[in-house]
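Residue-level structure breakdown
What follows is each chain in one-letter form.
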Amino acid sequence: MKLELISFKLCPFVQRAVISLEVQKIDFKMTYINPMDPPDWFKEISPTGQVPLLKVDDQVIFESLVITEFIEEISTHSFHPKEAIQRANNRSWIVYSGEMLGDMFGIITGDEEKFHTSKKALFKKLTKIEAIKNQEKFFNGDEFNMIDAAFAPIFMRLAWMNEFTNNALSITEFKHLSAWSDAILALDVVKNSVVDGLDDVYYSNIEAREGYLSTLLID
Ligand SMILES: N[C@@H](CCC(=O)N[C@@H](CS)C(=O)NCC(=O)O)C(=O)O
């Protein structure tokens, strides 16, 4: 079976798939495109026009959650709970975390008012996750699972935004989330899931958007 991941370097949804493939030690070819200016061959095979898209031989799989579930199903070692209810619970929070990425887009691109409403929406969700997050290292215990891969791009981008500003989005008030974030961001598989220098590209992207967040940037 030949896998090719169609990617975009800045995309957090792509990063979930990359981490999952790497953690499960599955061989794949990476192909970068710009989904804002996609090549014709991508337009032909992508129903949504979005990345990530996983080509499996001559078949196409899209939506990051579906891609990571496929990775789980072809893996020899499971990284998702065995119990149906726990699997569904993890999926629910993965879908929920996708909405957090929407809030983060508003934070990066919005004017002052949009920044504050998006931040409020994000922190409301963080409060809810803090309330259900246990004391375990990762979401389900000691082992890094698919749900941890889903949250990794969120924690990485929050850490960058805090580093680039005077902690404009500090999550230190959330004790369980902070510890979970630290555990995830310490892993090589997470650090290596983005290209070198992506933090600088992210900084430039915030600057170029000229939203309220760009006024909070420090050098
Ligand atoms: N629900 C999708 C979201 C993917 C997504 O939003 N990808 C962005 C890049 S980060 C994209 O391709 N945007 C281009 C577009 O929407 O036209 C998933 O989980 O895979």
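Quick summary incoming for the structure in this document. (Residues numbered from 1 in each chain as written. Predicted model: local features only at pLDDT ≥ 70, side-chain atom pairs only at ≥ 80, totals over all residues. Heavy atoms only, no water.)

Moving on, we get to unusual backbone geometry. The omega torsion across Val51 and Pro52 is 5°, close enough to zero to call that bond cis. Locating Pro52 in the fold gives a position in the loop between helix H2 (40–45) and strand E3 (53–56). A positive phi is found at Lys25, a non-glycine position, where the angle reads about 55°. Here Lys25 lies in the loop between helix H1 (12–23) and strand E2 (29–32). Residue class for Lys25 comes out exposed when judged on its relative accessible area of 74%. Backbone geometry at Asp57 places phi at a positive 50°, although glycine is not the residue there. (Helix = DSSP H or I, 4+ residues; strand = E, 2+ residues; numbered from the N terminus. Buried < 20%, exposed > 50% of the residue type's maximum accessible area, 1.4 Å probe, protein only.)

This brings us to the environment of Glu173. Along the chain, the position of Glu173 falls in the loop between helix H6 (146–164) and helix H7 (175–185). Along the chain, Glu173 and Glu130 lie 43 residues apart, while their C-alpha atoms are 9.7 Å from each other.

Met161 and Trp180 are the most contacted members of the largest nonpolar core, which totals 69 residues. Ranked by residues supplied to this core, first place goes to H6 with 13 residues. Counting only domains with at least three residues in this core, you end up with domain 1 (3–73) and domain 2 (84–215). Excluding anything up to four places from it in sequence, Trp180 contacts Ile129, Lys133, Lys137, Phe138, Phe139, Asp148, Phe151 and Phe155. (Core = buried A, V, L, I, M, F, W, Y, C linked by side-chain atoms within 4.5 Å. Domains from an automatic or database assignment. Contact = heavy atoms within 4.5 Å.)

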